[in-house]
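# Structural description and commentary
For reference, the chains in residue letters:
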Amino acid sequence: MICPSCGRENADDARFCSACGSPLEVEPAADVRKTVTVVFCDLVGSTSLGERTDPEALRELMSRYHRELRTILERHGGSVEKFVGDAAMAVFGLPQVHEDDALRAVRAAIEMRDAVATLGLKVRIGVNTGEVVAGAGETFVTGDAVNVAARLEQAAGTGEVLIGAATERLVRSRIRADATEPLALKGKSELVSAFRVRELRDDIPAFTRPIAAPFVGRKTELARLEQALETAVGTRAPQLATIVGPPGIGKSRLARELIGRANARVLVGRCLSYGEGITYWPLQEMVSQIGDVRAALEEGPDGDLAAVRIAGAIGDSDTPSTPEEIAWGARKLFEAIARVDPLLVVFDDIHWAEPTFLDLVEYLTTFAQEIPLLVLCTARADLFDQRPTWTAPRPNATVLMLEPLSADDCAELVSDLGESSSDTVERIVETAEGNPLFVEQLVATLAEEGAGLEVPPTLQALLTARIDRLAEPERAVMERGSVEGRLFHRGAVAALLPEPDRGEVGGQLLTLVRKELIRPDHAIVPGDDGFRFGHALIRDAAYDEIPKRQRAVLHQSYAAWLTSRLGDDAPDEIIGYHLEQSYRYGAELGAADPVVGEWAADLLARAGEAAHARGDMHAAANLLGRAADLIPGHPRRPELLAGLGAALHATGEIERARSMLTEAVSLGNAAGDGHVEWLARIELAATDLESESGDVEEAFREGKAAIAARESAGDHEVLARAWHLIGTTHNWRSQAAEWRDASEQAVTHARETGDLALEVRMAIGLAGPIVYGPVPVDEGLRFADDLMARLGDVPEVQGFAAHVRSHMRARLGEFDGAFEGANAWRHHIHELGQDIMFAGTAACVWDVCSWARDWTHGEQVLRESYEMFEQMGMNARRSTIAAHLGEAVLHQGRVDEAASLSIESEQLGTSDDVYNDMAWRRLRAKVASARGDLDQARALAEHAVEIAAGVGFLDEVALAWLDLAGILQVVGDPEARRAATEALGLFERKGNLVGARWARELLDQTSPSPRRA
Ligand SMILES: Nc1ncnc2c1ncn2[C@@H]1O[C@H](COP(=O)(O)OP(=O)(O)OP(=O)(O)O)[C@@H](O)[C@H]1O
Ligand SMILES: [Mg+2]
């Protein structure tokens, strides 16, 4: 462990530094978390150097050594944290993060290594990037990244620079390095990968970097730039155009597109973010493109003088020039060139330009005379900090603000970059929010990592750097806003700031808007102002800078603020979320506050129950799961787990549901809470029914046992659910009348609880027996009307009643609107995330389709469910869907497909599922008939009719008879009439006009005394 005070190496378990006595564990007054790059540099062989060298000379040498290191580190923007003997430690990223900190650090390392060699010394250097905490305004950091950097330095050979993997990722495109064997570093339990730096790659001249993908979008912007160039050529009045926008939005690329199209001589130069003597760097680049400046300038004294001025600017002459003289020289140069050809001069990244250079650019476009010149600049909004007047309207100036690319353009870019899976394309487009640089980096990370769409470190650095460039109060505003989320309110920011800082918030927010970090948006809280982070990743970057201890506090303060503003309207889910965050960060730091945890759990549970009540099962599962996690060992946990299990069951997560419910049963039992125990037991039995091992008899017994156990206590909720379970077992056994009775019991008990949502849920359970059982069609329609009269205020009930009507109307041959009703219900269930039920509703749509003989639509819906049940591993459910699907394809003439579906249905079905037994035989009988195997057809159809005797679903039994009648008719057996008559009788009992018509048609065809025309 390295002492944070003096840098001395200490034993890993030491609590105090052996050299200076400072406590080693103490965290500094932590104010910011940052990703920084740490450099350790140590002299090799200093002991023997001391033996060999005269002390006086040694002292002189060492102080030169120290000076050299400090100069180099500081020139690259590093802050030298300390010198310990011969070793130096420096941090890049404090007090301010730069987007290229890692590269700066590696460059400095290489320079240090080479510079000390000229002193006859040798060093070894370690560089590593990672998250640290530091006191505000201090350069004093703690974090694993520091230790690893120190260890890398120790592991480095003489004259070597070793960098960590995180650093390497950030500088990969700019240096050459070789991976070392993974290193076993002291104090690290795992091997650490590291890279040995060879050299910097050559700098790539501006606008020549290879392009990854074709240009997309930006048609209008490009047209405006071309227009500006045309104006310059047409009027010979110099034009200035500036492309403005956040990093990566495509400013340079747009400029490059113009360069590619311009019919003009082009000179390009870019402003550098740091370095010595960089003021005229862009000019220097242009000069090297021109080659012989003297030749380019015109003959005469002005030309000579201009050449001298320019040489002075770029360090080619000892004659110093003033900025004004240099600007004049540059103007003369450009004028001379533009007299020969139209000239396009591009200055990239002028937000980094020195003020002197900005003056030069403005001077150039104001004073250049009578030449076809377009000066094109690119800049981030930071430029306006320095030079607010840049946007001032001027006759010859254009400012182009680049907006994010459209989603379509982005998607095109993603696929141009080689990403083809439509899912991934969509996710990248969503994350990148129109920023092409983000698109590129996300695609690259994905290709590298193979999985996960994490924020690439390069973007992280870019975004953090933008925030770090802000003045402290503005940054504080960003951080407070990020606690609320992507969308935040002025009032919340103020409330989370210390009292004295609140007055300035309005102005600071405006500054942030101007800098394109945030933009105004709708306020959710009445009477407040809303803002939105310009990009989700900006919000994340701001949030990441807040130390966890402070996050814990801020989330709690935010919850308090929102509650104070919205009172009872404050959404449980949101307040619960912030308290949850507060609790979690506290827990991570070993200071979990159980009161906050319980409070959060309470609110999340309430939100979860509300979601459950409105049937939104994915949300319910999420919220209840989070609530349960917050209160291990709490008396409420079993209840939450029971609810969670039910929600998971509904979403089709059977295995997780079972494990939650099993825990709920045992916790409920241990706590002597019969209500919760039985709720969980019933749900567990219902869930088991969906799984491979599902046992209908067992579930039935469990339902009865629940009633026996909870009847005397008047526990209507348990009773309702128990009857519902019993009803389900009757459904599995095709006992429609019993199913209906049980469902009615369930509704009655549910009504007793006064819980409307429960009553609705139980009433929905009545639909099955009413639609498929012996209940006549008109009674079914009345059922729907009654339900509407009683519970019609619940939107869910409206959809549900409409769907029951669809089933009934289809039997009356009224197909108009029947599909809509069934489909709307199905869609509703889908939106609620009740995946099992959704897959089940295919049977509803199929029911309507089958009476309407719309086989293609039926097939499509069934296939979707078939696949869902397959994915969820629910074979028993899939077996029946397979039989229906077989019917749908058979009617479309696909006999072989129908044959294999009938086999599948047979194999997947459980032994006690009589309905399925009947269904696959009916299908196979028709397959056999279609193939001309009439004996088999007949045998199967007769068998199906036999089984149908035990099936309580009237229409289905009638259809079995009708199938048999059809086959007998083909065979020419007069028994066909009797079978059709059976079918007719059943259809008439049901009031099924469509079925009855089919039966009559068949009877007509088999008429004993056929009338001949
Ligand atoms: N319209 C576009 N079509 C295709 N690729 C684009 C487009 N715009 C930008 N890109 C690509 O996205 C990346 C980022 O663009 P660019 O370098 O122009 O951003 P910038 O706005 O100049 O950012 P910075 O402020 O960092 O200089 C580049 O690789 C560029 O080629
Ligand atoms: Mg650029």
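Residues numbered from 1 in each chain as written. Chains lettered and ligands numbered in written order. Predicted model: local features only at pLDDT ≥ 70, side-chain atom pairs only at ≥ 80, totals over all residues. Heavy atoms only, no water.

### As for the overall build of the protein chain
Across its full length, the protein chain holds 45 helices and 16 strands. Here the protein chain has a C-alpha radius of gyration of 39 Å; the compact-globule value for 1013 residues is 31 Å, and the former is much larger. Overall size of the protein chain, expressed as C-alpha extent along the three principal axes, is 125 × 75 × 60 Å. Looking at the 1013 residues of the protein chain, the share that counts as buried comes to 53%. (Helix = DSSP H or I, 4+ residues; strand = E, 2+ residues; numbered from the N terminus. Rg over C-alpha atoms; globule rule 2.2 N^0.38 Å. Buried < 20%, exposed > 50% of the residue type's maximum accessible area, 1.4 Å probe, protein only.)

### Quick look at helix α23 (residues 572–588)
Spanning 17 residues, α23 covers 24 Å between terminal C-alpha atoms, matching the ideal 24 Å at 1.5 Å per step. Of the surrounding secondary structure, the elements contacted by the buried residues of α23 are α18 (472–484), α21 (536–544), α22 (548–566), α24 (594–613) and α25 (617–630). One or two residues past the end of α23 sits G590, with phi positive at roughly 75 degrees. (Expected span 1.5 Å × (residues − 1). Contact = heavy atoms within 4.5 Å.)

### What to know about the environment of E285
Take E285: it is sitting in helix α8 (residues 281–290). Separated by 16 residues in sequence, E285 and G269 place their C-alpha atoms 5.5 Å apart. If near-sequence neighbours (up to four positions away) are discounted, E285 is found in contact with A206, V268, G269 and R270.

### Comments concerning the confidence of the model for the protein chain
When pLDDT drops low, the exact placement of atoms in the prediction is not to be read closely. Per-chain confidence: the protein chain averages 88 in pLDDT, with 95% of residues scoring 70 or above. Per-element confidence in the protein chain ranges from a low mean pLDDT of 74 for helix α1 (residues 46–52) to a high of 95 for helix α44 (residues 975–990). (pLDDT = per-residue confidence, 0-100.)

### Here we look at the sheet that holds strand β12 (residues 373–379)
Read from one edge of the open sheet, five strands run β10-β11-β12-β9-β13, paired in parallel fashion. The open sheet is flanked by β10 (265–270) and β13 (397–401), the only strands paired with a single partner. Strand-to-strand, the axes of this sheet are offset by a mean angle of 15 degrees, without reference to chain direction. In terms of strand pairing, strand β11 (residues 343–348) meets β12 through five bridges, oriented parallel. (Pairing = 2+ DSSP bridges. Axes fitted to C-alpha atoms, helices over the stretch in contact; angles between N-to-C directions.)

### Observations regarding the site of ligand 1
In the neighbourhood of ligand 1, 19 residues make up the surrounding shell, with G248, K251, S252, R253 and E440 lying closest. In the model, an oxygen atom of ligand 1 is placed 3.3 Å from a nitrogen or oxygen of the I249 main chain. In the model, an oxygen atom of ligand 1 is placed 2.8 Å from a nitrogen or oxygen of the R380 side chain. Within the complex, 91% of the 630 Å² of free accessible area of ligand 1 lies under protein. Within the residue set of the shell around ligand 1, elements represented by two or more residues are α7 (251–261) and α16 (436–449). Here the residues of the shell around ligand 1 are counted per class, giving nine nonpolar, three polar and seven charged. (Near = heavy atom within 4 Å. Polar contact = N/O pair within 3.5 Å; in protein donor to acceptor, adjacent residues only side chain to side chain. Areas by Shrake-Rupley, 256 points an atom, 1.4 Å probe, with all protein chains shown as cover. Nonpolar A, V, L, I, M, F, W, Y, C, P; charged D, E, K, R; others polar.)

### Quick word on the pairing of strand β4 (residues 123–134)
Among the 12 residues of β4, 10 are classified as buried, and the element is accordingly described as predominantly covered. Two elements, strand β1 (residues 32–43) and β4, share 12 bridges in a ladder whose sense is antiparallel. Looking at β4, one finds that L43 is bridged to V123. For β4 and strand β6 (residues 161–164), the ladder comprises three bridges, and the chain directions are parallel. Paired with G126 across the strands is L162, a residue of β6.

### Describing the pattern of salt bridges
The tally for this structure, following the rule as stated, stands at 87 salt bridges. R490 is paired through a salt bridge with D529; the nearest N and O atoms lie 3.0 Å apart. Note that R490 is positioned in helix α19 (residues 490–496) and D529 in the loop between β15 (518–521) and β16 (530–533), a separation of 39 residues in sequence. According to the relative accessible area criterion, R490 is partly exposed, its value standing at 30%. With its nearest N and O atoms 3.4 Å apart, the salt bridge here joins E779 to R740. (Salt bridge = Lys/Arg side-chain N within 4 Å of Asp/Glu carboxyl O.)

### What about the packing of helix α17 (residues 457–468) against α21?
When two helices pack together, their arrangement is given by the angle between the helix axes and by the axis-to-axis distance. At a closest axis distance of 9 Å, the pairing of α17 and α21 adopts a crossing angle of 70 degrees. Of the possible angle classes, the one that applies to α17 and α21 is roughly perpendicular. Across the interface between the two elements, L459, Q460, L463, T464, R466 and I467 from α17 touch L537, I538, A541, A542 and D544 from α21. Residue composition of the contact of α17 with α21, by class: seven nonpolar, two polar and two charged. (Parallel < 35°, antiparallel > 145°, perpendicular 65-115°, else oblique.)

### Brief notes about unusual backbone geometry
At R218, a position not held by glycine, the phi torsion is positive, near 60 degrees. Here R218 lies in the loop between β8 (194–200) and α6 (219–235). Although it is not a glycine, E370 adopts a positive phi angle of roughly 50 degrees. Note on placement: E370 falls in the loop between α12 (355–367) and β12.

### Remarks on the sheet that holds β16
Spatial strand order, β14-β16-β15: three strands in an open sheet with antiparallel pairing. Only two strands of the sheet have a single neighbouring strand rather than two, namely β14 (487–489) and β15. Across the sheet, the mean angle separating the axes of adjacent strands is 35 degrees when strand polarity is ignored. The pairing of β15 with β16 spans four bridges and is antiparallel. Following the sheet pairing, P520 is matched in β16 by F531.

### Digging into the environment of G952
Tracing the backbone shows G952 in the loop between α42 (934–948) and α43 (954–971). Measuring from C-alpha to C-alpha, the distance between G952 and A737 comes to 7.0 Å, with 215 residues separating the pair along the chain. Here G952 is in contact with S734, A736, Y772, G773 and P774, once residues within four sequence places are set aside.

### Quick look at the packing of aromatic side chains
Scanning the entire structure with this criterion turns up 14 aromatic pairs. Members of the aromatic cluster, joined through ring pairs, are W739, Y772, Y915 and F953. Geometry around Y543 places R539 over its ring, the cationic atom sitting 4.4 Å from the centre. Residue placement shows R853 over the ring face of W998; its charged tip is 4.2 Å from the ring centre. (Phe/Tyr/Trp six-rings, centres within 6.5 Å; stacked < 30°, edge-to-face > 60°. Lys NZ or Arg CZ within 6 Å of the ring centre and 35° of its normal.)

### Focus on the nonpolar core
F800, M918, W961 and F987 are the most contacted members of the largest nonpolar core, which totals 122 residues. Of all the elements, α43 adds the most residues to this core, at 11 residues. In this view, M918 contacts A944, I947, A948, V951, E956 and A960; residues no more than four positions away in its chain are not counted. In this structure, A559, A605, A627 and L644 belong to the second largest nonpolar core, which totals 50 residues. (Core = buried A, V, L, I, M, F, W, Y, C linked by side-chain atoms within 4.5 Å.)

### Details of helix α29 (residues 696–710)
Compared with the 21 Å implied by 1.5 Å per residue over 15 residues, the 21 Å span of α29 between its first and last C-alpha is a close match. Looking at α29, one finds that the buried residues are V696, A699, F700, E702, G703, A706, I707 and R710. With its buried residues spanning 160 degrees around the axis, α29 presents them on a single face. Where α29 is buried, its residues touch α28 (674–690) and α30 (716–732). N-capping of α29 is provided by D695, with a side-chain oxygen placed 3.0 Å from the backbone N of E697. (Arc of directions from axis to C-beta.)

### Here we look at the side chain of R480
Looking at where R480 falls in the secondary structure, it is placed in helix α18. Apart from residues no more than four positions distant in its own chain, R480 is found in contact with V493, L496, L497, P498, Q550 and L554.

### Overview of the environment of D385
Note that D385 resides in helix α13 (residues 383–386). In this structure D385 comes out as partly exposed when scored by relative accessible area, which is 41%. Taking the C-alpha atoms as reference points, D385 and H351, separated by 34 residues in sequence, lie 9.0 Å from one another. Setting aside anything within four residues of it in sequence, one finds D385 in contact with R514 and K515.

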